Protein chains: 2
Amino acid sequence: MSGAPIEFYFDFSSPYGYLGAQRVDAIGGEFARPVIWRPILLGVVFKATGQSPLVGQNMRGPYAARDMARSARKLGIKFRLPEGFPFASVHACRVFYWLDGRSPEAAKDYARAVYRTAFAGGRVVADAAAAADLAAGIGHDRAHVLAGMEQAAVKERLRAETQQAMDKGVFGSPFVIVDGEPFWGNDRLAEVREWLQTGGW
Amino acid sequence: MSGAPIEFYFDFSSPYGYLGAQRVDAIGGEFARPVIWRPILLGVVFKATGQSPLVGQNMRGPYAARDMARSARKLGIKFRLPEGFPFASVHACRVFYWLDGRSPEAAKDYARAVYRTAFAGGRVVADAAAAADLAAGIGHDRAHVLAGMEQAAVKERLRAETQQAMDKGVFGSPFVIVDGEPFWGNDRLAEVREWLQTGGW
């Protein structure tokens, strides 16, 4: 793959991020663009935008729950909202960035496992033990993961990635930037594809 | 047209409502569904949802301004944000509902004129005089309009329509309900069409 990368920002506790994550690599593959996955802490972003988690909002919450399920059905993607949703995603993010320092592909595989567990399996990945268990389940050494996710550099990496995303205007999940053009929302992935196909409009 | 109607909810000060308004009747026509237009006061709805006008929001506002223009370009629809945006839409709503009591088609024509003036012409329709002028410009008697829009029954109709919309879960603009199924956003109109074509999923 030789084109400029597609940046894919998401929060692990975001159902629409889960739906987007099932498809963004295929879009990259179609246009020979690598896809860089960047989990961020949407709770930090929400403090800057004055937003709150969607499903807890009056009127918007019930619509979102219905639309998430409807969007998943349309895409043929297994989906359920786990008990305990929304969940703290900081620990899963730390495992991701610890892995990313060793192998970006291993980090992506871990992200896919978190999303699959949460939104197909219906089990949140909210605490350090659950985040480490999941890594162990796909072949990583649990003790190494638990030590790695506590490294100051890893914690700082997550803070920096969230801040850099905000500096680029990222305020939701999923959020895609391609050739400097921002696209917010799972329902805009088709537009990302068109943008790549046509060169923009 | 014999099918159950499509309900099209919008605020006159909503750019995405403007974009949706250019296309929703064609979708209705394709599936022999009448389209009922219902302007509402999104400011009242926002008090219930804790939201505020999009373009004034940190990070979300600049993205929205960019996305509105980009969405219009993609659809081939002339678009500009008028000075004084967002504007009070209560007077245009009252003219609409006064006309609607006499002729729903005349009310729709008026709504199209408001949107055209605001988002193609770049002039807000914010006060009673501007709302009446616009009606006069498409053939209505200005003095009748000014008197009509002040009728208690017309003001009450607007309050009731906004409340009924909220009771149905409407929280944004545009918002479409078809056969009980809610769709929020200009970018979901293609999905409304697919829903009508396939019978849902």
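For the pair chain B and chain A, the relating rotation is 180°, the translation along its axis is 0.0 Å, and the fit reaches an RMSD of 0.0 Å. Expressed as a symmetry operation, the mapping of one chain copy onto the other fits a two-fold axis. Most of the interface of chain B is mirrored in chain A, where 97% of its interface residues again form contacts.

So, on to the environment of Lys155(B). All names here are of chain B. Tracing the sequence through the fold places Lys155 in helix α9 (residues 152-167). The class of Lys155 is partly exposed, set by a relative accessible area of 24%. In this structure, the C-alpha to C-alpha distance between Lys155 and His91, residues 64 residues apart in sequence, is 9.5 Å. Every residue in contact with Lys155, bar those within four places of it in the chain, is listed here: Arg94, Met149 and Glu150.

Here the focus is the packing of aromatic side chains. Within the structure shown, the criterion is met by 44 aromatic pairs over all chains. On the basis of an interplanar angle of 70° and a centroid distance of 5.3 Å, the ring pair of Tyr63(A) and Phe171(B) is categorised as edge-to-face. Linking Tyr63(A) in helix α4 (residues 60-75) with Phe171(B) in the loop between α9 and β3 (175-178), this pair reaches from one chain into another. Pair check on accessibility: Tyr63(A) and Phe171(B) agree, each one buried. Aromatic pair Phe10(B) and Trp37(B): ring centres 5.6 Å apart, planes at 80°, arrangement edge-to-face. Separated by 27 residues along the polypeptide, Phe10(B) in strand β1 (residues 6-10) and Trp37(B) in strand β2 (residues 35-39) bring together distant segments of the chain. In this structure Trp37(B) comes out as buried when scored by relative accessible area, which is 2%. Here the guanidinium or amino end of Arg112(A) rests over the ring plane of Trp37(A), the centre of that ring lying 5.1 Å away.

One full turn of an α-helix is made of 3.6 residues, so residues set three or four places apart face in the same direction. Burial within helix α5 (residues 90-100) of chain B is extensive, with 10 of its 11 residues counted as buried. Tucked into the core, α5(B) has its buried residues touching β2, α6 (104-120), α7 (128-137), α8 (142-148) and α9 of chain B.

Before going further, it helps to spend a moment on the side chain of Arg70(A). You can see Arg70(A) is positioned in helix α4. You can call Arg70(A) buried: its relative accessible area is 1%. Within the structure, the side chain of Arg70(A) is placed 3.0 Å from the side chain of Asp67(A), a separation counted as a polar contact. For Arg70(A), the side chain forms a polar contact with the main-chain oxygen of Pro182(B), separated by 2.7 Å.

Here the focus is the pattern of salt bridges. Evaluation of the coordinates by the stated rule reveals 42 salt bridges over all chains. For Arg70(B), the salt bridge identified is with Glu181(A), shortest N-O distance 2.9 Å. Taken together, the positions of Arg70(B) in helix α4 (residues 60-75) and Glu181(A) in strand β4 (residues 181-184) put the pair across two chains. Neither residue differs from the other here; Arg70(B) and Glu181(A) are each classed as buried. With its nearest N and O atoms 2.9 Å apart, the salt bridge here joins Arg157(B) to Glu161(B). With a gap of 4 residues between them, Arg157(B) and Glu161(B) both fall in helix α9, about one helical turn apart. For Glu161(B), a relative accessible area of 10% puts it in the buried group. Residues participating in the shared-partner salt-bridge network are Arg66(A), Asp67(A), Arg70(A), Lys74(A), Asp187(A), Glu181(B), Arg188(B), Glu191(B) and Glu194(B).

Calculation criteria
Residues numbered from 1 in each chain as written. Chains lettered and ligands numbered in written order. Predicted model: local features only at pLDDT ≥ 70, side-chain atom pairs only at ≥ 80, totals over all residues. Heavy atoms only, no water. Least-squares fit on C-alpha atoms with pLDDT ≥ 70 in both. Contact = heavy atoms within 4.5 Å. Helix = DSSP H or I, 4+ residues; strand = E, 2+ residues; numbered from the N terminus. Buried < 20%, exposed > 50% of the residue type's maximum accessible area, 1.4 Å probe, protein only. Phe/Tyr/Trp six-rings, centres within 6.5 Å; stacked < 30°, edge-to-face > 60°. Lys NZ or Arg CZ within 6 Å of the ring centre and 35° of its normal. Polar contact = N/O pair within 3.5 Å; in protein donor to acceptor, adjacent residues only side chain to side chain. Salt bridge = Lys/Arg side-chain N within 4 Å of Asp/Glu carboxyl O.

Function-wise, these values are silent; they only describe arrangement.
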